[in-house]
Amino acid sequence: MSGTARTLALDGELTIYRAAEVCELLKTALAAPADLELSLAGVTEMDSAGVQLLMAAKKSAMASQRALRLIDHSPAVLEVFEMLDLAAHFGDPLLVPAAPH
Amino acid sequence: MNLDQALQTFLVEGRELLEDMESALLVVSAEADPSESVNAIFRAAHTIKGSAGLFGLDGVVAFTHVVESLLDQVRDGSVVLDDGLVSLLLACGDHIGCLIDAVDEDRRELAADEAATGATLLARLHAQLNRPAAQQPLVAQPVQEAGFERRAPASEGGEGADHWHISLRFGRDVLRNGMDPLSFLRYLATLGRIEHVVTLHDAVPPLEALDAESCWLGFEIAFKSDCDKATIEGAFEFVIDDCALRIVPPRSRVAEYIALIGNLPEEPSRLGDILVRCGSVTAHELDAALITQRQGEPSELLGCILAGQGTVAPQVVEAALAKQKQVKETQSKESQSVRVDADKLDRLINLVGELVIAAAGANLIARRARNVELQESNSTLAGLIEEVRDSALQLRMVKIGGTFNRFKRVVYDVARELGKDIELKVSGEDTELDKTVVEKIGDPLMHLVRNAIDHGIDSAELRAARGKPPQGTVALNAYHESGSIVIEVSDDGGGLNREKILAKAIDRGLVDAGKALSDSEIYGLIFEPGFSTAEQVTNLSGRGVGMDVVKRNITALRGSVGIDSTPGQGARVTVRLPLTLAIINGFQVGVGKSVFVVPLDMVDECIEFTAEPGHDYTDLRGQVLPFIRLRELFDIAGAPAARQNIVVVKHMGQKFGLVVDALMGEAQTVIKPLSKMFAQVQGISGSSILGSGDVALILDVPVLMHQATQVRQAAASHPVGASAAAA
């Protein structure tokens, strides 16, 4: 474990359309020698490409012995996580909104 | 694929499926073994939902899903399909139709009343669904398992869970091709319930090596559904070439799962874990099977296990057979029929019409030129053109059965509304007539059928008193008769009240009090405009509201309508329509320089002109034959020819004569409608262009007959006429 955590907020679509862009963003963020917190509060839409990005980021972080935490999952993210049963994989606490729809 | 076109196909198919569903619903309660119909109903709802899902029509999917769930319970016997439920499902079918219409009209939101209907229906559906929900799983489960009890649960052959196991590995290019694996899972979820998903991330490389636009994901899915394998495969149709899809049916032997593990790229032990996590096999079963496999030679033993199990689960075999049969059927259907735009067909008919006119012109010139060879080739041509005309018209012919079947629903609804028990008997549904006629006859027939139910069929007590069976019958029949189609709407009710109708007609000034009228003439009065406008008609035993509209619509189609009744036994309305509105075989007659056309089917014979002196009727083999002098009727100048003729015309079993100067023989006649300016002209139904380019008028025989009948009545009341008739 190294350094204090940095926070990166992802927002807008986390989909194939922005996959390459977000990929670069994550690479840059992970280049710094610190744990990373990804805030997903602003994610409005997520597709398979988005899921892959998060998985790949998690793998990279683990490979370099750092932690990658996902926080503030937006409803769009929660929906996908629930459908694919991914909560356990990422292992981050999910904050379920009080009145889920 | 053009999505717009696909959507159109969906709309057309959706409506067809709804029709199937409706007709199945209407027969289901009368069937001894309703399973076939129930399946048909379920399939219809299911297919609509599935296709709607593909187009993202969430409204349709959401509503249809509830209907389908209920139907599913009907199918497995946990809900009884009683009368109330049939009504509910019929209403649901209508609502789905509404939703589809809304899609067609590109409306995002339903009208308020439609939305309210939807909500009410949903509430009723849920009430039905919840009723048996408590006991349903308990009842259904053991029954299903009982069917498979015969199989001994051998150690290596133990059975998996009762859900499908779907193993999915997406190809690298799926995302780039614009498809999102998640959307397939979402669609899959509409076909049943996804019990468990394991997302495989093994292939996903770390960020540094990641090509973010390639797809690296795989899924193992435990899926509970009553769909067959083909349907589940169908969910992945768009990516089938771009993914590895393996489906293991419910209750497959453990060996099936082992085989699956062998075929997948991931580590067997990891896959084993996944299967256990999905609940597809238990850990114990898996261990047992893996141990057995390890004991022998692996390659051989895997084969042994597969061979040993002999059969696959029955679902698979059934599905495969059904699929094969379906493919065969669609193939043969496809080769049998082609969908053609009605516009194209109309254009063809128009062209054929022009062809007929042109050929008549050519024929005329050939005759004038006295060239025998030309005449001969022209006559061959004429024969061919006639055949082309007939087959072109045949293209537009449709069976009337489709129209008749719509009335089943009307009878069902109206009878229910009125609290009468009524059966609709349909016969002659294979009788064909022109598509345009079919479209226009729907409303008048609907009126007649409603009238028969409402006013025709008597109350249960009255029926019992008259010794009739408690269930009333309304019958629709169709057949061909001399160039026209006859459609009969009959009922076994109380019949018409002759006296009341007559009194009413006199009261309204439609007939003179002292006039002697035949029964059919009196019954015919109910079609008169003045007769049926007021409420009084309803308290007159009467049929009534809007019968004049029915008559007008039918007359507009160059048809006629009559009614015939036996007091206490029932009534029968007979509608006669021409087979086609476009081209007829005509008989040309000349008066002065004008040419008229009489539809050949109505011409009975031609006789030399004779007349009782001073009267407009003649003696045809001892019968009074009233006639009309066309020269006088149309006010044509010039003296009558030296030898006039009478064309005897027959319509609705009655004959009358038309006095003409010359008989010119038969010819094909392309009917051109008269312009609006001439709409008020009586006795002419249309015009036609002759080979010479002249215009000929087509006589409206039913109207002329009406006039001739008046002549006859005058004759009958006249003393001289009476003696002449006796002669």
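Report follows, based on the coordinates. Keep in mind that what you see is a predicted model, and the values were worked out from it rather than measured.

Each helix and strand counted, chain B has 25 helices and 21 strands in total. Here chain B holds 727 residues, and the buried ones make up 44% of them. Long-range pairs, those at least 24 residues apart, make up 70% of the contacts in chain B between residues at least 6 apart in sequence. Total accessible area on chain B is roughly 36,700 Å²; 53% of this is exposed by carbon and sulfur atoms.

Here F238 of chain B lies in the loop between helix 8 (229-235) and strand 4 (243-248). Remark: the alpha-carbon pair of F238 of chain B and M179 of chain B, spanning 59 residues in sequence, is separated by 8.5 Å.

All right, on to the nonpolar core then. Residues L38 of chain A together with I166 and L168 of chain B are the most contacted members of the largest nonpolar core, which totals 64 residues. When residues in this core are grouped by element, the largest group, eight residues, is from helix 2 (residues 48-63) of chain A. Here L168 of chain B is in contact with L185, G218, F219, I221, F236, C243, A244 and L245 of chain B, once residues within four sequence places are set aside. The next biggest cluster of nonpolar side chains, apart from the first, holds 44 residues, and it includes I485, L496, V550 and V573 of chain B.

Residues and elements named next belong to chain B. Where helix 14 (residues 342-369) contacts helix 15 (residues 372-395), the axes come no closer than 10 Å and their chain directions differ by 160°. Judged by the inter-axis angle, helix 14 sits roughly antiparallel to helix 15. The element helix 14 and its partner helix 15 pack so that their crossing is left-handed. Of the residues in helix 15, those touching helix 14 at L345, L348, I349, V352, L355, V356, A359, A362, N363, A366 and R367 are L374, Q375, N378, I385, V388, R389, A392, L393 and L395. Of the residues belonging to the contact of helix 14 with helix 15, the class tally is 15 nonpolar, three polar and two charged.

Overall, the coordinates contain six aromatic pairs over all chains when judged by the stated rule. Over the ring of F42 of chain B we find R75 of chain B; its NZ or CZ atom is 3.8 Å from the centre of that ring.

What follows concerns the sheet that holds strand 2 (residues 193-200) of chain B. Residues and elements named next belong to chain B. Strands sit in the order 2-3-1-4 across an open sheet of four strands; the sheet is antiparallel. Looking at the sheet topology across the chains shown, the edges are occupied by strand 2 and strand 4. For this sheet, the mean angle separating the axes of adjacent strands, direction not counted, is 15°. Two strands pair when backbone bridges link them, and strand 1 (residues 164-170) and strand 3 (residues 218-224) are joined in this way by six bridges, in the antiparallel orientation. Across the sheet, residue W164 finds its bridge partner in strand 3, namely F223.

Now for the interface of chain B and chain A. Listed per partner, the contact involves 25 residues of chain B and 25 residues of chain A. Counting each side, the surface lost to burial between chain B and chain A is near 2,200 Å², with a carbon and sulfur contribution of 65%. In this assembly, chain B and chain A are joined by one salt bridge. Between R186 of chain B and E79 of chain A there is a salt bridge, and its shortest N-O distance comes to 3.4 Å. On the surface where chain B and chain A come into contact, there are 13 residue pairs in polar contact (both at pLDDT 80 or more). For the side of chain B that touches chain A, the elements supplying multiple residues, two or more each, are helix 7 (181-191) and strand 2 of chain B. Take the side of chain B that touches chain A: its biggest share by element is four residues, from helix 7 of chain B.

In this structure, T669 of chain B sits in strand 19 (residues 662-670). For T669 of chain B, a relative accessible area of 1% translates into the label buried.

Let us look at the pattern of salt bridges. All names here are of chain B. As enumerated under the stated definition, the model contains 23 salt bridges over all chains in all. Residue R409 is joined to D413 by a salt bridge in which the shortest nitrogen-to-oxygen separation is 3.2 Å. Highlighted residues: R409 and D413, both in helix 16 (residues 401-418), separated by four residues, approximately one helical turn. The class for R409 is buried, based on a relative accessible area of 11%. Overall, the relative accessible area of 30% leaves D413 in the partly exposed class. Via salt bridges that share partners, E22, D94, R409 and D413 belong to a single interconnected network.

Criteria and cut-off values
Residues numbered from 1 in each chain as written. Chains lettered and ligands numbered in written order. Predicted model: local features only at pLDDT ≥ 70, side-chain atom pairs only at ≥ 80, totals over all residues. Heavy atoms only, no water. Helix = DSSP H or I, 4+ residues; strand = E, 2+ residues; numbered from the N terminus. Buried < 20%, exposed > 50% of the residue type's maximum accessible area, 1.4 Å probe, protein only. Contact = heavy atoms within 4.5 Å. Areas by Shrake-Rupley, 256 points an atom, 1.4 Å probe, with all protein chains shown as cover. Core = buried A, V, L, I, M, F, W, Y, C linked by side-chain atoms within 4.5 Å. Axes fitted to C-alpha atoms, helices over the stretch in contact; angles between N-to-C directions. Parallel < 35°, antiparallel > 145°, perpendicular 65-115°, else oblique. Left-handed = near helix turned anticlockwise from the far one by under 90°. Nonpolar A, V, L, I, M, F, W, Y, C, P; charged D, E, K, R; others polar. Phe/Tyr/Trp six-rings, centres within 6.5 Å; stacked < 30°, edge-to-face > 60°. Lys NZ or Arg CZ within 6 Å of the ring centre and 35° of its normal. Pairing = 2+ DSSP bridges. Buried area = accessible area lost by both parts, 1.4 Å probe. Salt bridge = Lys/Arg side-chain N within 4 Å of Asp/Glu carboxyl O. Polar contact = N/O pair within 3.5 Å; in protein donor to acceptor, adjacent residues only side chain to side chain.

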